[in-house]
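So the chains spell out like this:
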Amino acid sequence: MKPINIVFHPIYSQLALPKNHRFPIEKYQALHDWAICNFPNVFEVNLVVNPITEVQLKTVHSTDYVEGFISGKISEKAMKRIGFPWTPQFVDRTRFAVAGTLLTAELALEHGIALNMTGGYHHAHPDFGSGFCVFNDLVIAARHVIDQQSASRVLIFDCDVHQGDGTAASAERFDDIFSLSIHCEKNFPSRKQQSDLDLGLDKHLTDEDYLQHVRESLEAAIYAFKPDFIIYDAGVDIHVDDDLGLLDISTEGILQRDTLVFNMAKQHNIPAMAVIGGGYQRDIAALTNIHAQLLIAANKVYSN
(Lines give C-alpha, C1' and ligand atoms only; values in the text may rest on other atoms or scores of the structure.)
Protein backbone atom coordinates (compact mmCIF):
# COMPACT_ATOMS: atom_id res chain seq x y z
CA MET A 1 0.00 0.00 0.00
CA LYS A 2 1.45 3.37 -1.04
CA PRO A 3 1.38 6.06 1.67
CA ILE A 4 -0.67 9.21 1.21
CA ASN A 5 1.44 12.37 1.21
CA ILE A 6 0.70 15.10 3.72
CA VAL A 7 2.60 18.39 3.88
CA PHE A 8 3.59 20.12 7.10
CA HIS A 9 5.97 22.52 8.81
CA PRO A 10 6.01 23.21 12.58
CA ILE A 11 5.82 26.94 11.83
CA TYR A 12 2.21 26.40 10.76
CA SER A 13 1.29 26.59 14.46
CA GLN A 14 4.18 28.76 15.63
CA LEU A 15 2.69 32.23 15.82
CA ALA A 16 2.45 34.36 18.93
CA LEU A 17 -1.00 35.96 18.98
CA PRO A 18 -2.61 38.45 21.36
CA LYS A 19 -4.53 36.96 24.27
CA ASN A 20 -8.06 35.83 23.28
CA HIS A 21 -7.28 36.15 19.55
CA ARG A 22 -9.98 34.43 17.54
CA PHE A 23 -7.75 32.30 15.30
CA PRO A 24 -7.09 28.68 16.46
CA ILE A 25 -3.41 28.58 15.43
CA GLU A 26 -2.75 25.39 17.44
CA LYS A 27 -4.92 23.25 15.18
CA TYR A 28 -2.29 22.63 12.51
CA GLN A 29 0.21 20.93 14.80
CA ALA A 30 -2.66 19.07 16.46
CA LEU A 31 -3.91 17.72 13.13
CA HIS A 32 -0.40 16.61 12.13
CA ASP A 33 -0.04 14.80 15.47
CA TRP A 34 -3.47 13.20 15.06
CA ALA A 35 -2.46 11.80 11.65
CA ILE A 36 0.78 10.31 12.96
CA CYS A 37 -0.91 8.85 16.05
CA ASN A 38 -3.99 7.39 14.39
CA PHE A 39 -2.62 6.41 10.95
CA PRO A 40 1.11 5.78 11.55
CA ASN A 41 1.56 3.71 8.39
CA VAL A 42 -0.85 5.54 6.10
CA PHE A 43 0.52 9.08 5.80
CA GLU A 44 3.98 10.17 4.72
CA VAL A 45 4.91 13.59 6.07
CA ASN A 46 6.69 15.95 3.68
CA LEU A 47 8.30 18.90 5.43
CA VAL A 48 8.28 22.26 3.65
CA VAL A 49 11.93 23.17 3.12
CA ASN A 50 11.83 26.67 1.64
CA PRO A 51 9.40 29.59 1.91
CA ILE A 52 7.62 30.77 -1.21
CA THR A 53 9.54 33.34 -3.23
CA GLU A 54 8.41 36.86 -4.01
CA VAL A 55 8.47 35.98 -7.71
CA GLN A 56 5.97 33.17 -7.12
CA LEU A 57 3.72 35.41 -5.04
CA LYS A 58 3.72 38.04 -7.79
CA THR A 59 2.18 35.62 -10.29
CA VAL A 60 -1.12 36.46 -8.54
CA HIS A 61 -0.48 39.42 -6.22
CA SER A 62 0.62 42.97 -6.96
CA THR A 63 4.26 43.93 -6.48
CA ASP A 64 3.45 46.72 -4.03
CA TYR A 65 1.34 44.43 -1.85
CA VAL A 66 3.87 41.57 -1.80
CA GLU A 67 6.84 43.81 -1.06
CA GLY A 68 4.92 45.90 1.45
CA PHE A 69 3.84 42.89 3.48
CA ILE A 70 7.22 41.16 3.46
CA SER A 71 9.16 44.32 4.35
CA GLY A 72 6.73 45.43 7.05
CA LYS A 73 5.85 48.65 5.23
CA ILE A 74 2.22 47.54 4.93
CA SER A 75 -0.18 49.86 6.73
CA GLU A 76 -1.71 49.12 10.10
CA LYS A 77 -5.14 49.49 8.49
CA ALA A 78 -4.28 46.80 5.92
CA MET A 79 -3.07 44.47 8.68
CA LYS A 80 -6.25 45.10 10.66
CA ARG A 81 -8.25 43.94 7.63
CA ILE A 82 -6.14 40.76 7.57
CA GLY A 83 -6.78 40.22 11.26
CA PHE A 84 -3.27 39.63 12.58
CA PRO A 85 -0.56 41.96 13.87
CA TRP A 86 2.47 42.24 11.58
CA THR A 87 5.61 40.52 12.85
CA PRO A 88 8.62 38.94 11.08
CA GLN A 89 7.39 35.61 12.49
CA PHE A 90 4.03 36.09 10.78
CA VAL A 91 5.77 36.79 7.46
CA ASP A 92 7.79 33.59 7.78
CA ARG A 93 4.76 31.57 8.80
CA THR A 94 2.74 32.92 5.87
CA ARG A 95 5.46 32.18 3.31
CA PHE A 96 5.99 28.60 4.52
CA ALA A 97 2.23 27.94 4.57
CA VAL A 98 1.79 29.06 0.95
CA ALA A 99 4.89 27.10 -0.07
CA GLY A 100 3.25 24.08 1.56
CA THR A 101 0.27 24.38 -0.75
CA LEU A 102 2.56 24.47 -3.79
CA LEU A 103 4.41 21.38 -2.58
CA THR A 104 1.06 19.67 -2.00
CA ALA A 105 0.04 20.41 -5.59
CA GLU A 106 3.27 18.92 -6.92
CA LEU A 107 2.85 15.77 -4.81
CA ALA A 108 -0.79 15.39 -5.86
CA LEU A 109 0.14 15.56 -9.52
CA GLU A 110 2.77 12.89 -8.95
CA HIS A 111 0.75 10.55 -6.73
CA GLY A 112 -2.91 11.40 -7.42
CA ILE A 113 -3.63 12.85 -3.95
CA ALA A 114 -1.90 15.01 -1.34
CA LEU A 115 -3.04 17.06 1.65
CA ASN A 116 -1.66 20.24 3.19
CA MET A 117 -2.08 20.53 6.97
CA THR A 118 -2.87 24.21 6.53
CA GLY A 119 -4.01 26.39 3.59
CA GLY A 120 -7.18 27.72 2.11
CA TYR A 121 -6.41 31.44 2.29
CA HIS A 122 -9.27 32.31 0.00
CA HIS A 123 -10.03 35.85 1.23
CA ALA A 124 -6.70 37.17 -0.09
CA HIS A 125 -7.22 39.47 -3.09
CA PRO A 126 -4.56 40.47 -5.64
CA ASP A 127 -3.65 43.68 -3.79
CA PHE A 128 -4.89 43.20 -0.21
CA GLY A 129 -5.49 40.56 2.42
CA SER A 130 -8.61 39.93 4.45
CA GLY A 131 -10.21 37.54 6.93
CA PHE A 132 -7.01 35.89 8.26
CA CYS A 133 -5.67 35.48 4.68
CA VAL A 134 -2.56 37.22 3.31
CA PHE A 135 -1.73 35.46 0.03
CA ASN A 136 -4.13 33.31 -1.97
CA ASP A 137 -2.39 29.93 -1.90
CA LEU A 138 -5.17 28.31 -3.95
CA VAL A 139 -4.77 30.53 -7.00
CA ILE A 140 -0.98 30.67 -6.63
CA ALA A 141 -0.88 26.86 -6.64
CA ALA A 142 -3.18 26.73 -9.66
CA ARG A 143 -0.95 29.15 -11.56
CA HIS A 144 2.14 27.21 -10.49
CA VAL A 145 1.01 23.87 -11.92
CA ILE A 146 -0.29 25.51 -15.12
CA ASP A 147 2.87 27.57 -15.64
CA GLN A 148 4.96 24.43 -15.08
CA GLN A 149 2.80 22.71 -17.72
CA SER A 150 1.85 20.01 -15.22
CA ALA A 151 -1.85 20.83 -15.71
CA SER A 152 -3.82 22.89 -18.20
CA ARG A 153 -7.21 23.44 -16.52
CA VAL A 154 -7.53 23.72 -12.74
CA LEU A 155 -10.74 23.61 -10.71
CA ILE A 156 -10.66 25.31 -7.31
CA PHE A 157 -13.49 23.67 -5.39
CA ASP A 158 -14.11 25.71 -2.25
CA CYS A 159 -16.39 24.27 0.44
CA ASP A 160 -15.49 26.66 3.24
CA VAL A 161 -18.56 28.24 4.87
CA HIS A 162 -17.40 31.69 3.74
CA GLN A 163 -17.35 32.69 0.09
CA GLY A 164 -13.93 32.55 -1.55
CA ASP A 165 -14.11 36.19 -2.54
CA GLY A 166 -10.38 36.62 -2.86
CA THR A 167 -10.14 33.52 -5.02
CA ALA A 168 -12.89 34.82 -7.29
CA ALA A 169 -11.14 38.19 -7.66
CA SER A 170 -7.68 36.64 -8.10
CA ALA A 171 -8.73 34.00 -10.62
CA GLU A 172 -11.09 36.05 -12.77
CA ARG A 173 -8.40 37.01 -15.29
CA PHE A 174 -7.32 33.40 -15.84
CA ASP A 175 -9.48 31.37 -18.23
CA ASP A 176 -7.63 28.18 -17.28
CA ILE A 177 -8.73 28.39 -13.62
CA PHE A 178 -12.36 27.70 -12.64
CA SER A 179 -13.43 29.00 -9.23
CA LEU A 180 -16.40 27.33 -7.53
CA SER A 181 -17.56 28.43 -4.07
CA ILE A 182 -20.23 26.70 -1.97
CA HIS A 183 -20.86 28.86 1.08
CA CYS A 184 -23.43 30.29 3.48
CA GLU A 185 -24.88 33.33 1.73
CA LYS A 186 -25.61 35.33 4.91
CA ASN A 187 -22.08 35.22 6.28
CA PHE A 188 -18.69 36.88 5.81
CA PRO A 189 -17.78 38.55 3.51
CA SER A 190 -20.74 40.90 3.32
CA ARG A 191 -19.70 41.99 -0.16
CA LYS A 192 -19.40 38.89 -2.34
CA GLN A 193 -17.30 38.58 -5.51
CA GLN A 194 -18.34 36.69 -8.64
CA SER A 195 -16.81 33.21 -8.86
CA ASP A 196 -17.19 31.17 -12.03
CA LEU A 197 -19.88 29.34 -10.05
CA ASP A 198 -21.31 30.42 -6.70
CA LEU A 199 -23.73 28.49 -4.53
CA GLY A 200 -24.98 30.68 -1.67
CA LEU A 201 -26.72 28.39 0.83
CA ASP A 202 -29.40 29.25 3.39
CA LYS A 203 -28.48 29.37 7.06
CA HIS A 204 -28.88 26.17 9.11
CA LEU A 205 -28.82 23.84 6.12
CA THR A 206 -28.37 20.20 7.19
CA ASP A 207 -26.47 17.21 5.81
CA GLU A 208 -28.76 15.77 3.15
CA ASP A 209 -29.45 18.99 1.24
CA TYR A 210 -25.87 20.16 1.64
CA LEU A 211 -24.37 16.98 0.25
CA GLN A 212 -26.72 17.10 -2.73
CA HIS A 213 -25.47 20.63 -3.53
CA VAL A 214 -21.85 19.50 -3.24
CA ARG A 215 -22.40 16.50 -5.50
CA GLU A 216 -24.35 18.37 -8.18
CA SER A 217 -22.03 21.37 -8.34
CA LEU A 218 -18.87 19.27 -8.54
CA GLU A 219 -20.39 17.07 -11.23
CA ALA A 220 -21.44 20.15 -13.20
CA ALA A 221 -17.98 21.74 -12.95
CA ILE A 222 -16.20 18.56 -14.02
CA TYR A 223 -18.58 18.08 -16.94
CA ALA A 224 -18.50 21.70 -18.14
CA PHE A 225 -14.90 22.75 -17.43
CA LYS A 226 -13.14 19.36 -17.80
CA PRO A 227 -10.37 20.08 -15.28
CA ASP A 228 -7.21 18.01 -15.20
CA PHE A 229 -6.41 19.04 -11.61
CA ILE A 230 -8.60 19.80 -8.56
CA ILE A 231 -7.66 22.03 -5.62
CA TYR A 232 -10.12 21.31 -2.81
CA ASP A 233 -10.66 23.68 0.12
CA ALA A 234 -12.11 21.37 2.77
CA GLY A 235 -13.16 24.01 5.30
CA VAL A 236 -14.99 22.61 8.33
CA ASP A 237 -16.55 25.88 9.50
CA ILE A 238 -19.76 24.45 8.01
CA HIS A 239 -19.98 22.31 11.17
CA VAL A 240 -22.97 22.76 13.46
CA ASP A 241 -20.69 23.62 16.41
CA ASP A 242 -18.44 26.10 14.61
CA ASP A 243 -18.29 29.54 16.17
CA LEU A 244 -18.17 31.43 12.84
CA GLY A 245 -20.32 29.20 10.61
CA LEU A 246 -24.08 29.31 10.26
CA LEU A 247 -24.71 25.89 8.70
CA ASP A 248 -25.72 22.79 10.66
CA ILE A 249 -23.53 20.08 9.12
CA SER A 250 -22.61 17.11 11.32
CA THR A 251 -19.20 15.50 11.66
CA GLU A 252 -20.51 12.54 9.67
CA GLY A 253 -21.74 14.96 7.01
CA ILE A 254 -18.24 16.41 6.68
CA LEU A 255 -16.79 12.91 6.30
CA GLN A 256 -19.36 12.15 3.60
CA ARG A 257 -18.55 15.43 1.80
CA ASP A 258 -14.79 14.79 1.78
CA THR A 259 -15.29 11.17 0.71
CA LEU A 260 -17.63 12.31 -2.09
CA VAL A 261 -15.10 14.82 -3.44
CA PHE A 262 -12.23 12.33 -3.37
CA ASN A 263 -14.33 9.55 -4.90
CA MET A 264 -15.46 11.78 -7.76
CA ALA A 265 -11.91 12.95 -8.48
CA LYS A 266 -10.65 9.38 -8.45
CA GLN A 267 -13.49 8.10 -10.65
CA HIS A 268 -12.70 10.78 -13.24
CA ASN A 269 -8.93 10.12 -12.96
CA ILE A 270 -8.28 13.71 -11.91
CA PRO A 271 -5.38 14.30 -9.49
CA ALA A 272 -6.62 16.18 -6.42
CA MET A 273 -5.08 18.03 -3.53
CA ALA A 274 -6.74 19.41 -0.43
CA VAL A 275 -6.10 22.13 2.10
CA ILE A 276 -7.86 22.08 5.46
CA GLY A 277 -9.46 25.53 5.25
CA GLY A 278 -11.45 27.22 7.98
CA GLY A 279 -12.60 25.88 11.32
CA TYR A 280 -13.05 28.03 14.41
CA GLN A 281 -14.15 26.05 17.44
CA ARG A 282 -12.24 27.13 20.51
CA ASP A 283 -11.98 23.52 21.68
CA ILE A 284 -8.85 22.47 19.76
CA ALA A 285 -9.34 18.75 20.39
CA ALA A 286 -12.90 18.87 19.06
CA LEU A 287 -11.85 21.01 16.09
CA THR A 288 -8.97 18.64 15.28
CA ASN A 289 -11.37 15.70 15.22
CA ILE A 290 -13.56 17.50 12.68
CA HIS A 291 -10.62 18.44 10.45
CA ALA A 292 -9.44 14.82 10.74
CA GLN A 293 -12.43 13.67 8.70
CA LEU A 294 -10.41 14.80 5.65
CA LEU A 295 -7.64 12.36 6.58
CA ILE A 296 -10.13 9.58 7.21
CA ALA A 297 -11.77 10.19 3.83
CA ALA A 298 -8.42 10.23 2.01
CA ASN A 299 -7.45 6.95 3.65
CA LYS A 300 -10.83 5.44 2.76
CA VAL A 301 -10.63 6.42 -0.93
CA TYR A 302 -6.94 6.24 -1.79
CA SER A 303 -5.45 3.51 0.42
CA ASN A 304 -6.80 0.55 -1.55
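Structure shown above.
Throughout what follows, the structure given in this document is the object of discussion. Quick caveat, the model's predicted, so the values are computed rather than measured.

Of all five residues in strand S1 (residues 4–8), five are buried, a share of seventy percent or more. Judged by which residues are buried, S1 turns out to be covered on both faces: Ile4, Ile6 and Phe8 on one side and Asn5 and Val7 on the other are all buried. Across five bridges, the pairing between S1 and strand S2 (residues 43–47) is parallel. Along S2, the bridge assignment pairs Asn5 with Glu44. For the segment spanning S1, helix H1 (residues 27–38) and S2, crossover handedness is right-handed. One ladder, built from three bridges, connects S1 with strand S3 (residues 113–116); its direction is parallel.

Take the packing of aromatic side chains next. Taken as a whole and assessed by the stated rule, the structure comprises 18 aromatic pairs. Between Phe132 and Tyr280 the ring centres are 6.2 Å apart and the planes differ by 40 degrees, which places this aromatic pair in the tilted class. Of this pair, Phe132 sits in the loop between S3 and helix H6 (137–147) while Tyr280 sits in the loop between strand S8 (272–275) and helix H10 (284–291), placing them 148 residues apart in sequence. There is no split in this pair, since Phe132 and Tyr280 are both buried.

This part covers the pattern of salt bridges. Tallied over the entire structure, the rule returns seven salt bridges. The shortest N-O distance in the salt bridge between Arg22 and Asp243 comes to 2.7 Å. In this pair, Arg22 is assigned in the loop between S1 and H1 and Asp243 in the loop between strand S7 (229–233) and helix H9 (251–267), connecting sequence segments 221 residues apart. The class of Arg22 is buried, set by a relative accessible area of 18%. Here Glu54 and Lys58 are joined by a salt bridge, their closest N and O atoms 3.8 Å apart. Classification of Lys58 by relative accessible area gives partly exposed; the value is 29%. Put simply, Arg22, Asp243 and Arg282 are held in one network by salt bridges that share partners.

Cut-offs applied
- Residues numbered from 1 in each chain as written.
- Predicted model: local features only at pLDDT ≥ 70, side-chain atom pairs only at ≥ 80, totals over all residues.
- Heavy atoms only, no water.
- Buried < 20%, exposed > 50% of the residue type's maximum accessible area, 1.4 Å probe, protein only.
- Helix = DSSP H or I, 4+ residues; strand = E, 2+ residues; numbered from the N terminus.
- Pairing = 2+ DSSP bridges.
- Right-handed = clockwise from strand over helix to strand, strands pointing away.
- Phe/Tyr/Trp six-rings, centres within 6.5 Å; stacked < 30°, edge-to-face > 60°.
- Salt bridge = Lys/Arg side-chain N within 4 Å of Asp/Glu carboxyl O.

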